[in-house]
Amino acid sequence: MDGSGNIERQKGFATRAIHEGYAPRDEQGALTPPLHLASTFTFDTVEDAGATFAGERQAHFYSRISNPTVDLLEKRMASLEGTEAAVALGSGMGAITSVMWSLLEPGDEILVDTTLYGCTFAFLHHGLAKFGIGITHVDMTDISALDAALKKRPRLVYFETISNPNMRVMDIAAIASSARRAGALTMVDNTYTTPYLVQPAALGADIIVHSATKYLGGHGDLIAGIACGRREIMDQVRLYGLKDMTGAALSPFNAMLILRGLKTLGLRMREHSANAEKVARYLDAHPAVASIAWPGLESFPQHELARRQLRLPGGMIAFELAGGKETAMRFMNRLDMIQRAVSLGDCETLIQHPASMTHSTYTPEEQLAHGITPGLIRLSVGLEEPADIVADLAQALSA
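Residues numbered from 1 in each chain as written. Predicted model: local features only at pLDDT ≥ 70, side-chain atom pairs only at ≥ 80, totals over all residues. Heavy atoms only, no water.

(A) Broad picture of the sheet that holds strand S11 (residues 350-352). Here five strands make up an open sheet; going across it, the order is S8-S9-S12-S11-S10 and the pairing mixed. Each edge of the sheet is formed by a strand with only one pairing partner; in this case those strands are strand S8 (289-293) and strand S10 (339-340). Direction of pairing for strand S9 (residues 316-321) relative to strand S12 (residues 377-380): antiparallel, over a ladder of four bridges. Looking at S12, one finds that Ile-317 is bridged to Leu-379. Seen against the sheet, helix H11 (residues 265-285) touches S8, S9 and S12 and runs at an angle of roughly 15° to S9. (Pairing = 2+ DSSP bridges. Helix = DSSP H or I, 4+ residues; strand = E, 2+ residues; numbered from the N terminus. Contact = heavy atoms within 4.5 Å. Axes fitted to C-alpha atoms, helices over the stretch in contact; angles between N-to-C directions.)

What follows is the structure, given as structure tokens:
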């Protein structure tokens, strides 16, 4: 409610992405929020300092834990994801690991989807598993398989909104409902879709994480992560996972860059998606393309779920060529404007070979078992003119 007791209408996504949490009048009229580079903050008295460290007084004291610029980013991201609070961290993996180290203990079980980002897979199996935490993979597009696996009574259920790299769409509401009945928390990596396309908390998810390096920043010039959720959980992540376990603090300068990126997030996601549609339909009709996965195609197996759950299908495409891995390699090497690089969500169109790049943390046997085929290509469609993206693909495919 406002000061008069009236119920305030929530402002739209773009408005909150630009204005949430900041009033120029509080900073001498500066339209752009100031950048606070201080690593430490002073106190008027030792008593004030003691009360702050005891949690009795709210104030910044050290930028590993909180900082005014980072705090603004956290408030804005919590608003966009529809959660009580958020914690900004030094990378996407910093967000994932800080959350999991905060919540899990030896003997706990965690259910995870069949296909995950390569570094997430490595952290689970090369990190958490060493500390007595059970990791079980389950195909979360199959709710009956999930319900059967939930008999293990896991502490946490973890998946990606759209699986990286093979583009399987998860039914967030169904997974969260099943997890809640089993007493488990639901944690979702929303990097591929961003809160502009879907807000997992509105569908029942407890924790949302992002690699803010990708679409949130949007310009390929920063490394960052975000975790969003209930205040109680986020306080745990800040004061244990971030402060003591990972130290994955976000630079205030990078927080400023993300705040800048958020201002155009909606515009960029609409353009990424529109460009991806033109590219996907071109690839889908090309005789050299054996298979393609983009949620906006009517032939996509989960097209109806994607249409119901997502505002737009997004800018990520996975496809395979008829000649398999060797043909895929030759094709990618012939590209000119489209860049061979990991990461995604940049203004530039990026292409990569998951089996030898982002998902090389899986053994070849694990890749096949987890749905990552040798010839799979991942394409992050950028903001160039779509005709130019298609032209580059066409000249590379012509060989």
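(B) Expanded view of the pairing of strand S5 (residues 185-189). Buried residues dominate S5, accounting for five of its five residues. Alternating positions in S5 separate into two faces, Leu-185, Met-187 and Asp-189 on one and Thr-186 and Val-188 on the other, with burial throughout. Where strand S4 (residues 156-160) and S5 come together, five bridges link them in parallel fashion. Among the inter-strand pairings, Tyr-158 is bridged to a residue of S5, identified as Met-187. Following the backbone out of S4, through helix H7 (residues 172-181) and into the adjacent parallel S5, one traces a crossover that is right-handed. When S5 meets strand S6 (residues 207-211), the two strands line up parallel, connected through three bridges. When the bridges of S6 are listed, Met-187 appears paired with Ile-207. (Buried < 20%, exposed > 50% of the residue type's maximum accessible area, 1.4 Å probe, protein only. Right-handed = clockwise from strand over helix to strand, strands pointing away.)

(C) Looking closely at the packing of aromatic side chains. All told, the structure shown has six aromatic pairs when counted by the stated rule. Arranged with centres 5.7 Å apart and planes meeting at 80°, the rings of Trp-101 and Phe-123 form a pair that is edge-to-face. Remark: Phe-123 occurs in helix H5 (residues 118-127) and Trp-101 occurs in helix H4 (residues 92-103); sequence separation between them is 22 residues. Exposure class is identical for Trp-101 and Phe-123. Each is buried. Pairing Phe-319 with Phe-331 gives two aromatic rings, centres 6.0 Å apart and planes at 75°, and the pair type is edge-to-face. Linking Phe-319 in strand S9 with Phe-331 in helix H13 (residues 324-334), this pair joins segments that are 12 residues apart in sequence. Classification of Phe-319 as buried rests on a relative accessible area of 1%. Site record: aromatic cluster; members linked through ring pairs are Trp-101, Phe-123 and Phe-131. (Phe/Tyr/Trp six-rings, centres within 6.5 Å; stacked < 30°, edge-to-face > 60°.)

Without other data, these values stay purely geometric and don't point to any function.
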